[in-house]
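Chain residues, written in single-letter form:
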Amino acid sequence: MSVPVSPTPSASLSASSSFVPALRTRGLSAARDDGSVLYDDLALVLHDGPSALVGANGVGKSTLLRQLAEGARAGTVEVAGGLHLLTQHPGPLPSRVVDLLGLGARFDALQRLLAGDGDADDAACVDDDWALETRLADAFAALGFQDLTPTSDPSQLSGGQCQQLRLLAASWCDARVLLLDEPSTFLDGDASGYWCRQFLHRAGAVLVVTHDPVWLRAMPRLVELRSDSLQWIDGGLDAWRAARDATRRRAEDALAQARTDRARAQRAVGRERQRLDQRQARGQRMREDSNQSPLLLDHAKGNAERHAGRARGALAQRLADGEAAVREAFAATDATPTPQFVDAGVVLPGARRVLRFDGVHPIADAPADVLTWDAFGPVRIGLEGRNGSGKTTLLRALRGEASLASGTVEACVPVQSLDQMLATLPDTMPALEWLASRMQAEAMDVPATRLALLGLAGARARQPLGLLSGGERMRVAIAAAAWAQPAAPLLLLDEPASHLDLDSVDALVALLRGWPGALVIVSHDPALLDALALSHRLHLDADRLHLETLDP
């Protein structure tokens, strides 16, 4: 269910509504297409105020949001005051900005009325929103979109600018419950902070799925989705991490104790079995040396064997109990392996020219500052700039897919790239088959091992790419860029950390720090760029492209 955008930004909800839960669910369940359970019998209550839903990639966060918005086949969803969902994957762009905002029908009706061609249906559609054009112009100006009009083509905007328009539409929605799936995707730091503040103070309930540390630190409450429960944490990211780490330590201590108890039991059982064997051997020798009748000897032998059998059964049960305790303690730990990226076979000599910039600026016809520079060897370049400054255009030019407003740029070595929309991923093709094709692998064992190291093993790796979570799709795309054959010594990465959970971001940093070739990475995450041991930063704004050489 998608709630239309209201004619005016949402006003405060009635005070009485805050005493009634905005959303209540019971018995929610979901499974993957292969039948494996995502979660079962979940219950969730949302009151007014902001909170964030966290969890590992593939645990079912987006699935849960869709169930809340569309209704669940199993369980109940009760919403008081309407609900609006901003999805992670919005689909194809419409032809006009006003349609992206969900206001196309109202805008067209207003235009007909102003031209004297409207009718009663147009008047009903416009309702009292006669200042729509002014409201849109003011909103665009506040976002810094000076040249934007309601009829502008959104395909000419950057990914971050389109995302800001979607967030604008969500902020104007009059539903009491707002669900936001990865709202900071593609946003620069300033824009992300602005929208985070907007939704923190919005009336009603706001539930955000995000891996963005800035948003998570700002949230007063987090709820973690696990396969068996939803666990609430008061406080933001730091409180959640502290609670998670404490839980992990307790679980690991319990597992270590269970393993110690199992080893102690194994030693004790070994000694008892040895004594039983010795006792049986002595009894057998005594019976052989005895002058008793065969009937009495057989009776004594039977008694001894029954006693030994009971004793051995008790010992076997003791071992089984120890094994069960270890399995139970192991299941209570966070046993999901941290995704790992293994090295790619790339060699890039330091004297080889990698990139050539000649009077470059991607979007300014008469820039104040252009870049002329040749890059050699395994340079590591971070490209930074606000939404709409031309970062993606510059990457597309390096791939030979776009021209620049000023100058020329050339990649002098083969390139592998990752675009921010993951447009190259075929939705219907299984992840394993696609990675195998990119790796030119004759057998499936190597790509299967690579996917398993990324947390996609077995049946999950054989799922079509379109059925994976956003974070899982991003992992596969990064793997294909790094391991594609023939190997390319230059990686072009546009927001590679989008949708990745915190453990996967750590694994991404480990991969890129160990990457033996050159790379150009676009990211709005300063912490990610700081962790990559960059050799250079490119600072891009509306009329300048400035190179900064960093200390090794």
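Keep in mind the model is a prediction, meaning the values are calculated, not measured. (Residues numbered from 1 in each chain as written. Predicted model: local features only at pLDDT ≥ 70, side-chain atom pairs only at ≥ 80, totals over all residues. Heavy atoms only, no water.)

Engineer: Just to check I follow, could you spell out the overall build of the chain for this structure?
Structural biologist: Counting secondary structure elements, the chain contains 16 helices and 18 strands. By the burial criterion, 46% of the 552 residues in the chain qualify as buried. Residue pairs in contact within the chain that sit at least 24 positions apart in sequence constitute 72% of those at least 6 positions apart. Surface accessibility of the chain: about 26,000 Å² in total, with carbon and sulfur atoms responsible for 51%. (Helix = DSSP H or I, 4+ residues; strand = E, 2+ residues; numbered from the N terminus. Buried < 20%, exposed > 50% of the residue type's maximum accessible area, 1.4 Å probe, protein only. Contact = heavy atoms within 4.5 Å. Areas by Shrake-Rupley, 256 points an atom, 1.4 Å probe, with all protein chains shown as cover.)

Engineer: Can you walk me through helix α5 (residues 132-142) in this structure?
Structural biologist: Each full turn of the α-helix corresponds to 3.6 residues, which orients residues three or four apart in the same direction. Taken together, the buried positions of α5 are occupied by Leu132, Arg135, Leu136, Ala139 and Phe140. All buried residues of α5 project into a common sector of 130 degrees when viewed along the axis, lining one side. In α5, the exposed positions that point more than 90 degrees away from the buried face belong to Asp138 and Ala142. Against the buried residues of α5 lie α2 (97-100), α3 (104-114) and α6 (159-171). In the stretch just after α5, Gly144 is the one whose phi turns positive, near 85 degrees. (Arc of directions from axis to C-beta.)

Engineer: Teacher, can you tell me more about the pattern of salt bridges here?
Structural biologist: A side chain with one charge may pair with a side chain of the opposite charge, provided their charged atoms come close. Evaluated as defined, the whole model comprises 24 salt bridges. Notably, a salt bridge pairs Arg176 with Asp48, separated by 2.9 Å at the nearest N-O pair. Pair noted here: Arg176 is in the loop between α6 and β6 (177-181) and Asp48 is in the loop between β2 (37-46) and β3 (49-54), with a separation of 128 residues, a long-range link. You can call Asp48 partly exposed: its relative accessible area is 28%. Across the pair Glu323 and Arg262 runs a salt bridge, and its minimum N-O distance is 3.2 Å. Of this pair, Glu323 sits in helix α10 (residues 294-332) while Arg262 sits in helix α9 (residues 237-289), placing them 61 residues apart in sequence. Assessed through its relative accessible area of 22%, Arg262 is described here as partly exposed. Salt bridges sharing partners connect three or more residues here, namely Arg96, Asp99 and Asp108. (Salt bridge = Lys/Arg side-chain N within 4 Å of Asp/Glu carboxyl O.)

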